[in-house]
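Fold and geometry: a report
Single-letter residue listing:
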Amino acid sequence: MIPYEKSFLGLGLMFRIHGSPIWKAAIPGLMSTIFFILIEIYISNQDGEGEQSNSVLSHPYGVGVLISSISFLIVFRANYGYQRYWNACGDVHHMTSKWLDAVTHTGVFHMQQKHHDPIKPPSYFDHHDLNQYGLKRDREREGDLRGKDTEKKFRQDRAVARSIESLHNAENDEVPKLMSILGTRAMADRKHLMGKGRLDGGWGAMFNDGTSTFYSMSAPSTWDAGSSRGFASTVGGRTPQLFLQELVHLASLCNAVAYSTLRNDIEGAESPLEMYHPGEPWPEVDPDKDQILSRKDVFWNTVRYIFGFDRTPATRTKHNALRPLPVLGGVSDNEIAFLQRARGPSAKTTLAWHWLSEFIIREHLAGSTGNVAPPIISRLIQFLSDGMIFYNHARKTMFIPFPFPHAQLSAFFVFTIMFAVPLLMDEYSNNIYLGALLTFLTVTCLAGMHEVARELENPFRNVPNEIPLVKLQALFNESLITLFSGFHPDHFWEPDEYRPEGSIENTTTENGNDEPQASNGDRTMSMSELQEELARFKSIISEKADDDARRDSQFQSVVSEQKQEISRLKKMVSSRAENDAKREKQFQNVVSEQQEEIARLKNMITAVSSDDE
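Described below are features of the structure shown in this document. In every chain, residue numbers begin from 1 and rise along the written sequence. Confidence filtering applies because this is a predicted model: local features only for residues at pLDDT of at least 70, side-chain atom pairs given and counted only at 80 or more, and all residues used for totals across whole chains, interfaces and linings. Note: side-chain values were computed over all heavy atoms of the structure, leaving out hydrogens and water.

Some points on a nonpolar patch on the surface
Each patch is built from salt-bridge-free residues with over 30% relative accessible area, joining like charges within 9 Å and nonpolar side chains (Val, Leu, Ile, Met, Phe, Trp, Tyr) within 5 Å. Per-residue and other accessible areas were derived by the Shrake-Rupley procedure at a 1.4 Å probe size, with only the shown protein chains allowed to occlude residues. Should a side-chain nitrogen of Lys or Arg be within 4 Å of a carboxyl oxygen of Asp or Glu, the pair is scored as a salt bridge. Nonpolar side chains collect at one region of the surface, where Phe8, Leu9, Leu11, Met14, Phe15, Ile22 and Trp23 lie side by side and expose about 840 Å² of accessible area between them. Note that isoleucine 22 resides in helix 1 (residues 21-42). Residue classification places isoleucine 22 among the partly exposed positions, given a relative accessible area of 48%. Counting from the N terminus, the helices are DSSP H or I runs at least four residues long and the strands are E runs at least two residues long. Relative accessible area decides the class of each residue, using a 1.4 Å probe on protein chains only: under 20% of the type maximum gives buried, over 50% gives exposed, and in between gives partly exposed.

Structural data, given as structure tokens:
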């Protein structure tokens, strides 16, 4: 991408050659001008007064219709080239935004896990009683901030002291000091709920040993010492949470792989990644300003651009190798091995996206995201999925070129206008110099529009008019580093410091007497009120004891009834057992009698048989 400033009439833009459609289109413009001059010298004759006596065409309308048609054809292609360019810009930013949303929310959920309970700021829910004291959460009081300065001086100092960028006063290289709420002793008048806060984001309370990550509360000088690396600094003695380190690395890797596959679609070509160093200078969006390139390299790049030799696969591969995409934490050999094993740009991005998604889900199931409800966690997967949708939109622009039939037609008729415009100018211009100038400008304009369309139709690889992916990756990395910041620095305050004094020695009644007072929860009571409250509590306890005794009596009654019922059931069971024993005895007697009867019958049969014999 070529950044530029708006100068008078845009004159400052005219001297840039590399990436310029004017200088590139000037070549067909010059060729067309030469053709016009040849027509004027050898074909069209002029009399002594400068009037043409022999024209190539009997009427210019035919050539005019041709040039009008070619203009419409070129403008149509340029319009779609702009659409492809802006669509690609939007897709890249949407992709990065969705992935950043997912990772940021994951980091926020991680801060709510139980391991961080000791360092969490106080909750307004737990201290709802503070609302009755008329406290404020304003960070500034205008009257205290102005002091005795004039309006102009105050605004000048405020522009520096309250700037979100790090600035210094040009005169003494010091930042003006403006009094904040804390500086006005707001805690003393009990009107502002503002504590000293924690510039370490609360991390210093994690281990209670005086250490932290990017800042140590026990060593104020560490704030300036670690400012260059921001929240990734370890001057406090400790590194950020391991979960957050892994999360931002996988997110940075996923985004870098996606960018890498967008700007390079050549199988087997170099597409390197490198380690990102927090706080390092931003990558140049203009390749010609890159410190790696020498003036000789810039010169030959410009020459190759003008004559159309800078779009070869070898040139693109060399450019990508000189501007690798930075990844937080670098890239391991194992990650490179897996990425190389994945075949095709989409597969490589899907693999990195899979690593990030799997890590988030696995850690959620393990408890790293606290007690956040599953429906809320599902939004993380939705954000990750949305990012892949926009990645594939960007790949559509990168992989599918502008349709060949239209591109061929446009290229052919751009070549045609080099000869058609001189014929038209030969009809309308009576002066050879004016005709040559108009021919050059007309052809350069139409050819320049065609070059604009060619530059913009693939914004991922047409250097130097490509989307600055390396700069966008660095911005993404710095955004991820903010996950190391911890909690809001002003959310740390002591609730008891903003409640009325509760000690007996330091309190008096409203009528001015020295009657002792005592603190009871949300309000302050006198001793007599306290005695009444204690009597009320005793009455409540007595009533509760009576209720307990009544419930105990009812319980004993129920138990007695149950015992009686059990005894009755036992008697029933015993009686049933006796009846069963009697029936069993009767049954045995009947059986015995039957057996005796059978034996008697057998004897009778035996006797009859003997008599018969």
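Additional details are given in the paragraphs that follow.
Focus: empty space enclosed by the protein
Cavity: a set of points on a 1 Å grid over the protein atoms alone where a 1.4 Å probe fits but cannot get out. Pocket: an open set with protein on both sides within 12 Å along at least five of seven lines, its lining residues, like those of a cavity, having an atom within 4 Å of a point. Grid points are joined across faces, edges and corners, and a volume is the space filled by probe spheres set on the points. Evaluation of the coordinates by the stated rule reveals two cavities of 30 Å³ or more. A volume near 140 Å³ is recorded for the largest cavity. Arg263, His319, Asn320, Phe460 and Glu466 are, among the 13 residues lining the largest cavity, the residues nearest its centre. Elements represented by at least two residues in the lining of the largest cavity include exactly helix 9 (313-322) and helix 15 (469-481). Taken together, the residues that form the lining of the largest cavity break down as six nonpolar, two polar and five charged. Amino acid classes used here: Ala, Val, Leu, Ile, Met, Phe, Trp, Tyr, Cys and Pro are nonpolar; Asp, Glu, Lys and Arg are charged; the rest, including Gly, are polar.

Brief notes about the packing of helix 2 (residues 61-110) against helix 13 (residues 404-428)
Axes here refer to lines fitted to C-alpha atoms; in helices the fit is confined to the stretch in contact. Angles between the N-to-C directions go from 0 to 180 degrees. As a packed pair, helix 2 and helix 13 sit with axes 9 Å apart at the nearest point and diverge in direction by 145 degrees. Both helix 2 and helix 13 take part in a crossing whose hand is left-handed. Contact residues: Tyr61, Val63, Gly64, Leu66, Ile67, Ile70, Leu73, Ile74, Phe76 and Arg77 in helix 2; His406, Ala407, Leu409, Ser410, Phe413, Val414, Thr416, Ile417, Ala420, Val421, Leu424 and Tyr428 in helix 13. The class makeup of the residues in the contact of helix 2 with helix 13 is 17 nonpolar, four polar and one charged. The crossing is said to be left-handed when, going from far helix to near helix, the turn is anticlockwise and less than a right angle, and right-handed when the turn is clockwise. Should any heavy atoms of two residues lie within 4.5 Å, those residues are considered in contact.

Description of the packing of aromatic side chains
Each aromatic pair joins two rings of Phe, Tyr and Trp (for Trp, the six-membered one) with centres within 6.5 Å, and gets the label stacked for planes under 30 degrees apart, edge-to-face for over 60, and tilted for any other angle. In this structure the tally under the stated criterion is 12 aromatic pairs. With centroids separated by 5.3 Å and ring planes inclined at 85 degrees, the aromatic side chains of tyrosine 85 and tryptophan 86 adopt a geometry described as edge-to-face. Given a relative accessible area of 12%, tyrosine 85 falls into the buried group. Joined through ring pairs, the aromatic side chains of Phe35, Phe415 and Phe419 make up one cluster. Its guanidinium or amino end placed over the ring of phenylalanine 207, arginine 238 lies 3.9 Å from that ring's centre, counting from NZ or CZ. Geometrically, a charge over a ring is one whose NZ (Lys) or CZ (Arg) sits within 6 Å of the ring centre while staying within 35 degrees of the ring normal. Its end group placed over the ring of phenylalanine 383, arginine 379 keeps NZ or CZ at 5.2 Å from the ring centre.

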